[in-house]
Structure formats: C-alpha cells, structure tokens
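Residue strings, one per chain:
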Amino acid sequence: KCPSQGYTMSPRRRIVSQREKARLRQSGSIKEYEAFENDYVFQGLETCATDGICAVDCPVGINTGDLVKKLRKKSKSPFSQKVALIFAKKFHLLESCMRFGVAIVSSAGRLFGENNIFKISRFLNRLNPNFPQWIVGMRPNYLPQYEVSSSYHFIYFPSCINRNMRLGDENLMGTVQELAQKAKLKLFIPQQISGTCCGQPFASKGFDEAYFFAKNKTIEYLFFLSNEGKMPVIADLSSCTQTLCSNEGLSDLNKIRHKKLQILDSFIWAKKYVVPKVQISKTKQKVALHPVCSLEKMKTKNDFSELAKLCADEVFIPFSTSCCGMAGDRGFYYPELIKNASQNVKTELENETLDGFYSSSCTCQMALSQSTGKPYASILNLVNEVSSPI
C-alpha cells in the first residue's frame, strides 16, 4: 500500500534504516552516520506520505507514518516551530497568498500555454524540490454566497483547499449548494471561515504547536457556529473530515465541545440526506472510484461505494488502488511519488470502458488526473449529474 515503495523506501526499510542509524551512532562511526542521515532525509522522511495506510496491512499494526511525523518534528528547530505557529495564527493571509499564487500562474497558463507552464515548473522542481510542480488545470476558487434564511439544516464547512483552488471547471462548493437545493435542504456557509483549518497540513510536517492551535481554533468556531452541536457540520475533503473527527491535540474544554459536534463527510451527507430526497436516474453505466486513505481509516469505504452504486450500474475500483501519493501537498514537491503510486492504477484504467472517475478529496483528484490522464472529480459531481428534484 505504501506509495513510495519502488521510488524510495518501503515502511520496512524506513524502520530497518532507523536501526542502522542507531548502530552507526553507537559504534562511533560518525562519518558513516552523517552520510546515512543525509540520504535518509530524502529517502525516509521527505517522500513518506505519512498517511498511515501501511498500518492497515501490517499484521501488528505498525504505523510508520506516525514514526516519520515524530522524526520530522524532531528535525524542526524551535525557530521553525515558531514560524509555523505564526502561519497558523495568520492562516487567512496564507490562504490569500495561496489563491493569489494560483491565480497568477493560471493566468500565465492562459497566455503562454498551460503545458509550457507545467514544463517550466517541472524543470524548476527538479532543480529544487522546494519549488512545487504545477498541475495542469488548477484554478483559483472563491467562497460562494449562501441563501439567507431564518433557519438552516446544516453548516457547510469547505476545506481551505476547496476554498482557494479547484481543478478545471469543477467547483465543489457550488455542487454542494446545488445538491442541497435539489433536496430542499438549507445550508449555511459561514463567510468568516477564512483563516480556519483542520491543522492537518501542519501535523504532517511535524509542526505540532501550529497543528494544535489551528485545530482547537476550528473546533471552537464550529461548536458555536453549529449552535453547540445542534446542527450537523459538512466537511468536503475526507482527510480533513478524519482530522476533525479526532480529538487529538484538543484542549480539555474543546474535547467536551468535540463530543457534541456532528461532523459528516460530504459523501455521507449526500448518501444519508440528499439521495432519499431527489430523483436518481442511472445514466452512468460504469464508473471508477478511488477511495482515499482516510476512508479506509474511518471505515467509510463501503458507504463511498454504496453511494456510487446508487448512481451508476457498475462500480469499478482498481485492484491496485491505494494511496495516490499526493499526501496533502507532498505530491506538488515530489511528483515522482504520485507517478510511482498510481502507475498500476493507470494500467488498469486503460483496460476498462468507463463513464467517469470519482473520489472524495480534491488534491487526490488533482494527483490522479495528472498521473492517469483521466478526469477525476468529486463523487458529489456524480450524484449531481444523475439527480433531479422530486
């Protein structure tokens, strides 16, 4: 299941390498240890997806992703931890920079050709992996307006990624609104959510203080926004849903608040609340699904497949499906990780006649669209395509 196996290291090699580092250090082989450590930064730390999907197949449940997160945290200086915390506190500025950057590069792509922009970014990325590789089709995104009402059924909490970028013409926030309208459900989209984040981007990089701050701030905000948990909250990116559903890193007060919150992954919301209130016509014959890692860990993979089966005659999940290698933003900096992780999926898809390709994470959809050449979209798009108001 490990996306880096075959590209750099497998989970077992990461663990064995830790033993070797300890042996070299204890034996006094300083030069050998330093050389090994320098190589391990790329091989063992930077190219690990830290999704923990390795623990699913491990017979004793060893989560190498957790190990790598601890090693990343250990490698961070106190100064870098403070800088990350500042970013977490000023996350609205980070969002604005992200959206502005995507808008600038997207505009340049229209002028000079997106493939040319892609080639330039790939060249710069190979010179320095700190320069992210552009994914063809990325566009800036903006919060939609919401229908003013005296009462709402749900709070819709778009992830920071979906709030600021999208792939091509897909606008997941607009799709969620359309589905709600078809099912006659009233959504409240808070216009002041800029600056909120589940904290997962900080956690995966080893910035625990920033992670805990961001997550506590968001849980507190959602608690009061949902009238102390009385209204369910819809989260539209599965890895964010998983992070928000966990009480890791929360203060004692926020742990109490967290127990009262009802946080739904967007496709669970669609299956439970939308599909029963709309007319479904199965116009799709066979669709491909990519259940992201979070679904495996939240045990909602079957719900994901069942929703697709309500909307298509046949559902195809490639046998080799596992982590796509995007790992939040890791695939932007190490695109070979995506290519390595998805090469077998790409081969399987080429042997099938399919009417659509769907997942539940926009970054995974970006990675899969680039690596397989197939236009992956949110599964909510599938529901929207085949549904109509009753």
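In short, a report on the structure. Because the structure is a prediction, the values reported are computed rather than measured.

Concerning the overall build of the protein
When you go through the protein residue by residue, the secondary structure sums to 20 helices and 12 strands. In terms of C-alpha radius of gyration, the protein reaches 21 Å, essentially the compact-globule figure of 21 Å for 390 residues. Taken across its 390 residues, the protein has 52% of its residues classed as buried. Counted over contacts in the protein with a minimum sequence separation of 6, partners at least 24 positions apart contribute 77%. Within the protein, the 35 negative side-chain charges are centred at a point lying 3 Å from the centre of the 51 positive side-chain charges.

Notes on unusual backbone geometry
At Lys184, a position not held by glycine, the phi torsion is positive, near 55 degrees. Secondary-structure assignment places Lys184 in the loop between helix 9 (172-182) and strand 4 (187-188). Since its relative accessible area comes to 60%, Lys184 is described here as exposed. A positive phi angle is found at Ala327, which is not glycine, with a value near 50 degrees.

Looking at the side chain of Thr241
For Thr241, the position within the fold is in helix 12 (residues 238-245). If we skip the residues at most four places from it in the chain, Thr241 touches Ala235, Ile263, Leu264, Asp265 and Met298.

Topic: the pattern of salt bridges
Taken as a whole, this structure holds 13 salt bridges when the rule is applied. Salt-bridge contacts for Lys205 lead to Asp329; the nearest nitrogen and oxygen are separated by 2.9 Å. Of this pair, Lys205 sits in the loop between helix 10 (200-204) and helix 11 (208-225) while Asp329 sits in the loop between strand 9 (312-316) and helix 17 (330-333); the two residues are 124 residues apart in sequence, bridging distant segments of the chain. Between Asp303 and Lys271 there is a salt bridge, with the nearest N and O atoms lying 2.9 Å from each other. Of this pair, Asp303 sits in helix 16 (residues 301-311) while Lys271 is found in helix 14 (residues 266-274), placing the two residues 32 residues apart along the sequence. Using a relative accessible area of 22% as the deciding quantity, one classes Asp303 as partly exposed. You can call Lys271 partly exposed: its relative accessible area is 23%.

Considering the layout of surface pockets
Approximately 800 Å³ is the volume attributed to the second largest pocket. As for the second largest pocket, its lining consists of 33 residues, of which Lys1, Cys2, Gln5, Pro11 and Asp57 are closest to the centre. Counting residues per element, the ones that place at least two in the lining of the second largest pocket are helix 1 (11-26), helix 3 (54-57), helix 15 (293-298) and helix 18 (335-350). Its residues assigned to classes, the lining of the second largest pocket shows 19 nonpolar, 8 polar and 6 charged.

Rules of the game
- Residues numbered from 1 in each chain as written.
- Predicted model: local features only at pLDDT ≥ 70, side-chain atom pairs only at ≥ 80, totals over all residues.
- Heavy atoms only, no water.
- Helix = DSSP H or I, 4+ residues; strand = E, 2+ residues; numbered from the N terminus.
- Rg over C-alpha atoms; globule rule 2.2 N^0.38 Å.
- Buried < 20%, exposed > 50% of the residue type's maximum accessible area, 1.4 Å probe, protein only.
- Contact = heavy atoms within 4.5 Å.
- Lys, Arg positive; Asp, Glu negative; His and termini not counted.
- Charge placed at Lys NZ, Arg CZ, Asp CG, Glu CD.
- Salt bridge = Lys/Arg side-chain N within 4 Å of Asp/Glu carboxyl O.
- 1 Å grid on protein atoms, 1.4 Å probe; cavity = no way out; pocket = protein on both sides within 12 Å on 5 of 7 lines; lining within 4 Å.
- Points joined across faces, edges and corners; volume = space filled by probe spheres on them.
- Nonpolar A, V, L, I, M, F, W, Y, C, P; charged D, E, K, R; others polar.

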